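As a plain string of letters, each chain reads:
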Amino acid sequence: MKSRNRKGGNAAFLAPLYLFTLVFLIGPFVYMIVLSFLTRAETWGVVNEFTLSNYAKILKPLYLSTFGRSLQLALIVTVLIALAGYPFGYFMAKLPPKRRARLLMLVMIPFYTSSLMRMYGWIIIFRANGLLDKLLLALHLIERPLKLLYTYPAVVIGMVYALLPFMMLSVYSSVEKMDWSLVEAARDMGASPAKAFLTVTLPLTMPGLMTGVILSFIPSMGLFFVADILGGNKIVLIGNVIQEQLMKVHDWPFAAALSVVLMLMMTVMIWLYRRITGSSEMEGMI
Amino acid sequence: MLELNQIRKSFDGVEVLSGIDLRVMPGEFITILSSSGGGKTTLLRIIAGLDSCDSGTILLDGKDVTDLPPEKRNVNMVFQNYALFPHMNVGENIGYSLKLKHVPRLEREKTVADALALVQLPGYESRKPTELSGGQRQRVAIARALVNKPKILLLDEPLGALDLQLRRQMQIELKRLQKQLGITFIYITHDQEEALNMSDRIAVMKNGIFQQIGSPSEIYDHPKNAYVAFFVGSANILSGTAFKEEGRCFLQYGGGRVEVDPAGRDLQTGDALTVAVRSEAMELLPAGEKGIPATVKEKSFSAGMLRIALQTESGDEMIASRHGIDYHVSPGDVLTLSFPKENAVIVEAEDEKP
């Protein structure tokens, strides 16, 4: 965000923005941090008693391995999204304006439906003898139904599907700003098309790719409902643990501690992003 | 060494190059001069391989390179906006092509340092392009294009973004570089002064075709048609009819007549005749003398020259220029225009002015 200080005077207009941020962002955040150091009450709620035990509990192998599994899944999902999303965003940016606008529209349309609903849609496709199995059987590509539902690949596909548009759009906005005479200059200097892409286009669109990575990696750690709906009870991610501790076990302080650790991990990632790209602004986050 | 044969190119049904023929000699500085949007950049891009031509062939050292991609042609280009890679420093920019060729690091660094010395920016390796001034970026772009030792260097209006003083200085420097390195330069501009100052030969282009190719003095002193005469050195164009008397030939124009040299042409009285006369060759005589009557419209002074605009009886505007500011005519004066016959060049009639 660029600051626009037009000789003060704008404070009155900005006040609602600050108030909103305070009430809905900073307030809950501080509450969460405070909560993570409190003790759980016997039955319901919390006791105002300082403790570090919530954090100590995270170090148990059960939870550490959940963090590990979540990181692994997020990594796989992010790599797949980058591989699929970069080319898409790239070619979309190179299309003539009219066709580009049409394609952008197609990317946006699914957002008009709740992502939860769309995940249920995948159940119909993935379940044993569902659409996917029937199609592949009919094409004689497989001999037995895959029964993808409630498996690891199903969760990966669901996450990739849910988060791919963010990568596409951030890559798109970055490629769209490319000065193509630089690529021509590279070709003129003796670079093959592939070499020119690797040495000029890719480094110059890296901010868009990195924004896409952040926008895929961070949510894929926390999209508990995808693992819930497409993974059954078999795939437990950190998001599922938080949700479970909060909604079922009612251990709010522990859920808060898990969330704080998750947020710290994300902060480190964003810090790394800034170090790599040297920018404080994210590409395509309009 | 470079041979263009009947190059044609259309964009969306509009022909921008309609049959370009050009032979470029080794070590030559040739300028393609045309007004903005005259298709000259397209021609340069076709030579570089960045655009393809619809028909025609390009021979480089006798080898057909028409279908070769840009990286396979030993031709480098200095882009109009310099096209320096923003994510690399000056040294990396210049060393880019060397790195592609896997030149060892030490040798690469030495070549880059030499190239920077050549464009008078020694020690600038670690600067970022954004930290440089326009003139410095220009020099880096030239160094980057030269480091590859191209057979031909293509320059696309490289001085267009610089201010006048810097432009003059760069003109001299470009010429020096070209002489020193002996590389063929194909230079594109819409600025006739640049063309006249630097080139060994100038090709004047209009509507996708060369109007005239020749040395600066040929182009300036013997323009082939009215377009060339007007575009290079902004000559006055007088279109009238021929008038023969006692073996002498006159131009009948705007209520007067002035003798011209038919230069071997067989002109008859009544033939259409167009001549081009440089503004500095225009003579201003008192009213009533033999010549073309005209009224002074305005006087202006710039770059050491007094520019006098006159209107003939036929309504055309003529320009006469004089050195120094003291010339005693004022708007409204009625004078007679004339010119020595050796300063009038008969050109092919051309209605359009650039």
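Our structure's up above, just so we're on the same page.
Residues numbered from 1 in each chain as written. Chains lettered and ligands numbered in written order. Predicted model: local features only at pLDDT ≥ 70, side-chain atom pairs only at ≥ 80, totals over all residues. Heavy atoms only, no water.

## Things to note about the layout of surface pockets
Residue and element names in this part refer to chain B. Approximately 610 Å³ is the volume found for the largest pocket. The wall of the largest pocket is formed by 22 residues, among which Gly233, Ser234, Ser279, Arg307 and Ser321 lie closest to the centre. The element best represented in the lining of the largest pocket is strand β18 (residues 317-323), accounting for four residues. In the lining of the largest pocket, the residues fall into nine nonpolar, seven polar and six charged. (1 Å grid on protein atoms, 1.4 Å probe; cavity = no way out; pocket = protein on both sides within 12 Å on 5 of 7 lines; lining within 4 Å. Points joined across faces, edges and corners; volume = space filled by probe spheres on them. Helix = DSSP H or I, 4+ residues; strand = E, 2+ residues; numbered from the N terminus. Nonpolar A, V, L, I, M, F, W, Y, C, P; charged D, E, K, R; others polar.)

## Examining the sheet that holds strand β1 (residues 2-11) of chain B
Remark on secondary structure: sheet strands pair via backbone hydrogen bonds, oriented parallel or antiparallel. All names here are of chain B. Read from one edge of the open sheet, four strands run β2-β1-β4-β5, paired in antiparallel fashion. In this open sheet, the two strands that pair with only one neighbour each are β2 (14-24) and β5 (63-64). As paired strands, β1 and β2 are joined by eight bridges and run antiparallel to one another. In the strand pairing of β2, Glu3 is matched with Arg23. On the sheet, helix α1 (residues 40-48) packs against β1, β2 and β4 (55-60) and is oriented at approximately 120° with respect to β1. (Pairing = 2+ DSSP bridges. Contact = heavy atoms within 4.5 Å. Axes fitted to C-alpha atoms, helices over the stretch in contact; angles between N-to-C directions.)

## So, the nonpolar core
The biggest cluster of nonpolar side chains holds 43 residues, and the ones touching the most others in it are B:Leu2, B:Leu4, B:Ile7, B:Leu43, B:Tyr96, B:Leu154 and B:Ile186. Take this core: its biggest share by element is five residues, from α1(B). What B:Leu2 contacts, discounting residues up to four positions off in sequence, is B:Leu22, B:Arg23, B:Val24, B:Ile47, B:Ile58, B:Leu59, B:Leu60, B:Ile152 and B:Ile186. One finds A:Ile81, A:Phe126, A:Leu149 and A:Ala227 within the second-largest nonpolar core, a separate group that totals 38 residues. (Core = buried A, V, L, I, M, F, W, Y, C linked by side-chain atoms within 4.5 Å. Buried < 20%, exposed > 50% of the residue type's maximum accessible area, 1.4 Å probe, protein only.)

## Thoughts on the interface of chain B and chain A
At the junction of the two partners, chain B supplies 22 residues and chain A supplies 19 residues. Counting the surface lost from both chain B and chain A, the interface buries some 1,700 Å², and carbon and sulfur atoms represent 61% of this. Our enumeration of links across chain B and chain A arrives at two salt bridges. With a shortest N-O distance of 2.5 Å, A:Glu184 and B:Arg45 are connected by a salt bridge. On the surface where chain B and chain A come into contact, there are eight residue pairs in polar contact (both at pLDDT 80 or more). Mapped onto the side of chain B that touches chain A, the elements with two or more residues apiece are α1, β6 (75-78) and α2 (90-100) of chain B. In the side of chain B that touches chain A, the residues fall into 14 nonpolar, five polar and three charged. (Buried area = accessible area lost by both parts, 1.4 Å probe. Salt bridge = Lys/Arg side-chain N within 4 Å of Asp/Glu carboxyl O. Polar contact = N/O pair within 3.5 Å; in protein donor to acceptor, adjacent residues only side chain to side chain.)

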